Amino acid sequence: MKGLRKLITVNQTEIDVLAAKDTLMNDVVIEAYLRIIERRNWYHKVCLPSIYMFDTFFFKDWKEKRYQAVNNRFKKEDIFQNDMLFVPVHLPDRGSRGHWILIVVMVEENTITAYDSCGWNNEAERGTVRDFLTYEATRRNRKVEAWKTVDAPKNIPRQENSYDCGAFVCMYAEVLSRKARLEEKKASGKSIRKNIASVLRAGRVGVEDFRYTPSRAI
């Protein structure tokens with residue numbers, strides 16, 4: 001990523017919703033949090049991977065409009081200069097309330113992995129991202145690599161209710177963006193949401209902050 005992108009403003013009402021039980025996180029909150037993580041990595045680029053966080057409506061736009069949706073979006077941004085790409089994906093028809101997953105692209109390894117707090121396979125969604133990567137590489141006259149879809153570890157933390165998928169997407173992104181491992185234990189959706197709210201209020205997160213073990217935030 002060439003430089004800093006603007007942070008996204010989240011109002012207090014949207015932050016307060018994070019503490020409400022049985023409430024889904026909205027796209028603004030998720031995108032605002034991911035943008036802060038992207039900024040964290042930019043400031044600590046000596047010791048952290050370079051990353052690019054796609055916006056929360058990119059996947060839908062690409063799936064429905066394909067080339068028309070992205071022709072100008074990445075005109076000034078060569079995404080392949082990053083080590084990792086993060087694509088938050090909302091699946092409105094998944095489950096009874098819709099569902100969020102996170103697709104992570106390792107650029108050097110040419111791998112595409114879907115992290116899903118309900119454990120679904122998401123092969124179709126990985127294929128959609130692979131189609132975009134192939135298109136974007138061709139458009140930039142880059143060598144088109146054979147992108148490989150790789151399954152996420154089976155022991156990553158999972159949600160235990162029907163509404164914490166967005167929180168787990170944020171947690172997955174934070175952990176993976178500093179090349180840390182997702183551990184085989186239960187994660188508390190409540191503690192994840194609490195820490196997301198803290199980061200949104202502060203507008204920043206240091207490299208030593210906001211580190212998750214599955215059961216609590218350090």
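1. Looking at the nonpolar core
- The biggest cluster of nonpolar side chains holds 40 residues, and the ones touching the most others in it are Phe86, Tyr172, Ile196 and Leu200.
- Listing elements by their share of this core, those giving two or more residues are helix H2 (27-43), strand E1 (51-53), strand E2 (84-91), strand E3 (99-106), helix H6 (165-176) and helix H7 (189-202).
- Element by element, the count of residues in this core is highest for H6, at ten residues.
- When residues no more than four places from it in sequence are discounted, the contact partners of Phe86 are Ile51, Tyr52, Met53, Phe54, Leu102, Ile103, Val104, Ala173, Leu176 and Ser177.
- Tyr52, Phe59, Ile103 and Phe132 belong to the second-largest nonpolar core, a separate cluster that totals 26 residues.

2. A closer look at the pattern of salt bridges
- In total, this model carries 18 salt bridges according to the counting rule given.
- Two residues, Arg73 and Asp55, come together in a salt bridge whose shortest N-O distance is 3.8 Å. With Arg73 in the loop between helix H4 (67-70) and E2 and Asp55 in the loop between E1 and helix H3 (58-65), this pair connects stretches of sequence that are 18 residues apart.
- Put simply, Asp61 and Arg73 hold a salt bridge, and the shortest N to O gap is 2.8 Å. Residue Asp61 is found in helix H3, and its partner Arg73 is found in the loop between H4 and E2; the two are separated by twelve residues along the sequence.
- Overall, Arg73 belongs to the partly exposed group, its relative accessible area being 28%.
- Several salt bridges converge on common partners, so that one network encompasses Asp78, Glu136, Arg139, Arg140 and Arg142.

Criteria and cut-off values
- Residues numbered from 1 in each chain as written.
- Predicted model: local features only at pLDDT ≥ 70, side-chain atom pairs only at ≥ 80, totals over all residues.
- Heavy atoms only, no water.
- Core = buried A, V, L, I, M, F, W, Y, C linked by side-chain atoms within 4.5 Å.
- Buried < 20%, exposed > 50% of the residue type's maximum accessible area, 1.4 Å probe, protein only.
- Helix = DSSP H or I, 4+ residues; strand = E, 2+ residues; numbered from the N terminus.
- Contact = heavy atoms within 4.5 Å.
- Salt bridge = Lys/Arg side-chain N within 4 Å of Asp/Glu carboxyl O.

Any functional reading would require information beyond the geometric quantities listed.
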